[in-house]
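Residue strings, one per chain:
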Amino acid sequence: MSDDNPHSSRGSAGKSWLERIASIFNAEPQDISDLQEIINEAELRSLIDADTKSMLKGVLEVSSMRARDIMVPRSQMATIDIDDSVADMLPILMENNHSRYPVVNEDKDHIEGILLVKDLLQHALMPNAADLHLRDVLRPAVIIPESKRVDALLKEFRQKRYHMAIVVDEYGGVSGLVTIEDILEQIVGEIEDEHDDDEEDDIKKMASRVFQVSALTPLDEFNESFNTKFDEEDADTIGGIVLHAFGHMPTKGESIELQGLTFKVNKANSRRLVQLQVIRAKDPAMAEES
């Protein structure tokens, strides 16, 4: 009998674990925290690794998000005017390196359609390229409300094979846009492509007082490079220090001053900071430490 007890205990524990997993799939959980608890326990039991845990939690977060939560704000939308010539468009295309652009008429509330750069290139190489008008190559724009569920939007992206949607508010005004990449980044983290800036170096000097800094730069490395005294007990990376100072997840373009340096968010998503612009004060001795 005594030999059976340990086996019985292990079997009971295993059954309890299986029962908890089965309950997730056999009945709708009453609280999403139940799922998060199972994911945390799975990592502790080495059934999944940290990356898998992060992706699973990203899936759970996406299920509760709306388009307004992940959209690129109207102010940050790169658009092309319907009357632009190919020459007019080139600086915009080269600066942003996107594959798709909303095409507007007068302002961003009047979306005429979506321009795919590959469509433009096909026509730009034709002998009659000078006669090209954007209306001839536009794709229809998909319009969605701010309240659109992100998981439902991802399903539509896959089923209907489009990659961008224009987000409108309750009055019909354009408030932003969402791409399939924006949704996937909520699950797997930042997606880099061949057009993204080379971030191999944690700290890159861009001008005499301007630096491009990875948010994941170790704090001791940052302190040594900038002669700062950020406390390594407060965070492991400079991104952690900046995030704590903001007190919220900042968006691209937000800035804050700390220890005589101006930190501007160059790249971020809803989950983490990615890249910062750091600007030294002209006279560090006169800058007040935060």
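Residues numbered from 1 in each chain as written. Predicted model: local features only at pLDDT ≥ 70, side-chain atom pairs only at ≥ 80, totals over all residues. Heavy atoms only, no water.

Please explain the side chain of Glu156 as it appears in this structure.
When you line up the elements, Glu156 lands in helix 7 (residues 150-160). Among the polar contacts made by the side chain of Glu156, one reaches the side chain of Lys148 at a distance of 2.5 Å. Those residues in contact with Glu156 that lie beyond four places of it in its chain are Lys148, Arg161 and Tyr162. (Helix = DSSP H or I, 4+ residues; strand = E, 2+ residues; numbered from the N terminus. Polar contact = N/O pair within 3.5 Å; in protein donor to acceptor, adjacent residues only side chain to side chain. Contact = heavy atoms within 4.5 Å.)

Sorry, what's going on with unusual backbone geometry here?
One can expect most non-glycine residues to show negative phi and most peptide bonds to be in trans. For Glu106, which is not glycine, the phi dihedral falls at a positive 80 degrees. Mapped onto the secondary structure, Glu106 falls in the loop between strand 3 (100-105) and strand 4 (107-116). We classify Glu106 as exposed; its relative accessible area is 70%. Its identity is not glycine, yet Arg161 carries a phi of approximately 60 degrees, on the positive side. Residue class for Arg161 comes out exposed when judged on its relative accessible area of 74%. (Buried < 20%, exposed > 50% of the residue type's maximum accessible area, 1.4 Å probe, protein only.)

Sorry, what's going on with a negative patch on the surface here?
Together, Asp220, Glu224, Asp231, Glu232, Glu233, Asp234 and Asp236 make up a negatively charged patch on the protein surface. By secondary structure assignment, the location of Glu232 is in the loop between helix 9 (219-226) and helix 10 (238-246). With relative accessibility at 47%, the residue Glu232 sits in the partly exposed group. (Patch = residues over 30% accessible without salt bridge, like charges linked within 9 Å, V, L, I, M, F, W, Y side chains within 5 Å. Areas by Shrake-Rupley, 256 points an atom, 1.4 Å probe, with all protein chains shown as cover. Salt bridge = Lys/Arg side-chain N within 4 Å of Asp/Glu carboxyl O. Lys, Arg positive; Asp, Glu negative; His and termini not counted. Charge placed at Lys NZ, Arg CZ, Asp CG, Glu CD.)

I would appreciate a short explanation of the sheet that holds strand 4 in the present structure.
Two orientations exist for strands paired in a sheet by backbone hydrogen bonds: parallel and antiparallel. Taken together, three strands build an open sheet; the order of strands is 2-3-4 and the sheet is mixed. Looking at strand neighbours, the two that pair on one side only are strand 2 (80-81) and strand 4, the edges of this open sheet. Note: strand 3 against strand 4, six bridges, orientation antiparallel. Residue pairing in the sheet places Pro102 in a bridge with Ile114 of strand 4. (Pairing = 2+ DSSP bridges.)

Which parts of the structure should I look at to understand the packing of helix 3 (residues 50-63) against helix 8 (residues 180-188)?
Their axes nearest at 6 Å, the elements helix 3 and helix 8 cross at an angle of 130 degrees. Comparing the axis directions of helix 3 and helix 8 gives the class oblique. Contacts between helix 3 and helix 8 pair Ser54, Met55, Gly58, Val59 and Val62 from the former with Ile183, Gln186, Ile187 and Val188 from the latter. In terms of residue class, the contact of helix 3 with helix 8 is built from six nonpolar, three polar and no charged. (Axes fitted to C-alpha atoms, helices over the stretch in contact; angles between N-to-C directions. Parallel < 35°, antiparallel > 145°, perpendicular 65-115°, else oblique. Nonpolar A, V, L, I, M, F, W, Y, C, P; charged D, E, K, R; others polar.)

Help me out: how do you make sense of the packing of aromatic side chains in this one?
Ring pairs (aromatic) are described by centroid distance and by the angle formed between their planes. Throughout the structure, instances matching the rule amount to six aromatic pairs. Residues Phe211 and Phe226 carry aromatic rings whose centres are separated by 5.0 Å and whose planes lie at 80 degrees to one another, so their mutual orientation is edge-to-face. Pair noted here: Phe211 is in strand 9 (residues 210-214) and Phe226 is in helix 9, with a separation of 15 residues, a long-range link. As far as burial versus exposure is concerned, Phe211 and Phe226 are alike and both buried. Ring plane angle 20 degrees and centroid distance 4.4 Å describe the contact between Phe222 and Phe226, whose orientation is recorded as stacked. Of the two residues, Phe222 and Phe226 both sit in helix 9, four residues apart, roughly one turn of that helix. Residue Phe222 is classed as buried on the basis of its relative accessible area, which comes to 0%. (Phe/Tyr/Trp six-rings, centres within 6.5 Å; stacked < 30°, edge-to-face > 60°.)

Looking at this structure, how should I read the pairing of strand 7 (residues 174-179)?
Working note: regular strand, side chains alternate between the two faces of the sheet. When you tally the buried positions in strand 7, you get six out of six residues, the bulk of the element. Note that strand 1 (residues 72-73) and strand 7 share two bridges and pair antiparallel. Bridging across to strand 7, Pro73 finds its partner in Gly176. Of the pairings in the sheet, the one linking strand 6 (residues 164-168) to strand 7 comprises five bridges and is antiparallel in character. Directly across from Val167, in strand 7, lies its bridge partner Gly176. Counting the residues between successive antiparallel strands, the hairpin from strand 6 to strand 7 contains five residues, one of them, Gly172, with a positive phi of roughly 90 degrees.

Sorry if this is basic, but what is going on with the pattern of salt bridges here?
Close approach of charged atoms allows side chains with opposite charge to pair. Counting across every chain of the model gives five salt bridges. In this structure, Asp109 engages Arg74 in a salt bridge whose closest nitrogen and oxygen atoms are separated by 2.6 Å. Residue Asp109 is located in strand 4, and its partner Arg74 is located in the loop between strand 1 and strand 2; the two are separated by 35 residues in the primary sequence. Note that Arg149 and Asp151 form a salt bridge whose closest N and O atoms lie 3.0 Å from each other. Owing to a relative accessible area of 36%, Arg149 belongs among the partly exposed residues under this scheme. Overall, the relative accessible area of 28% leaves Asp151 in the partly exposed class.

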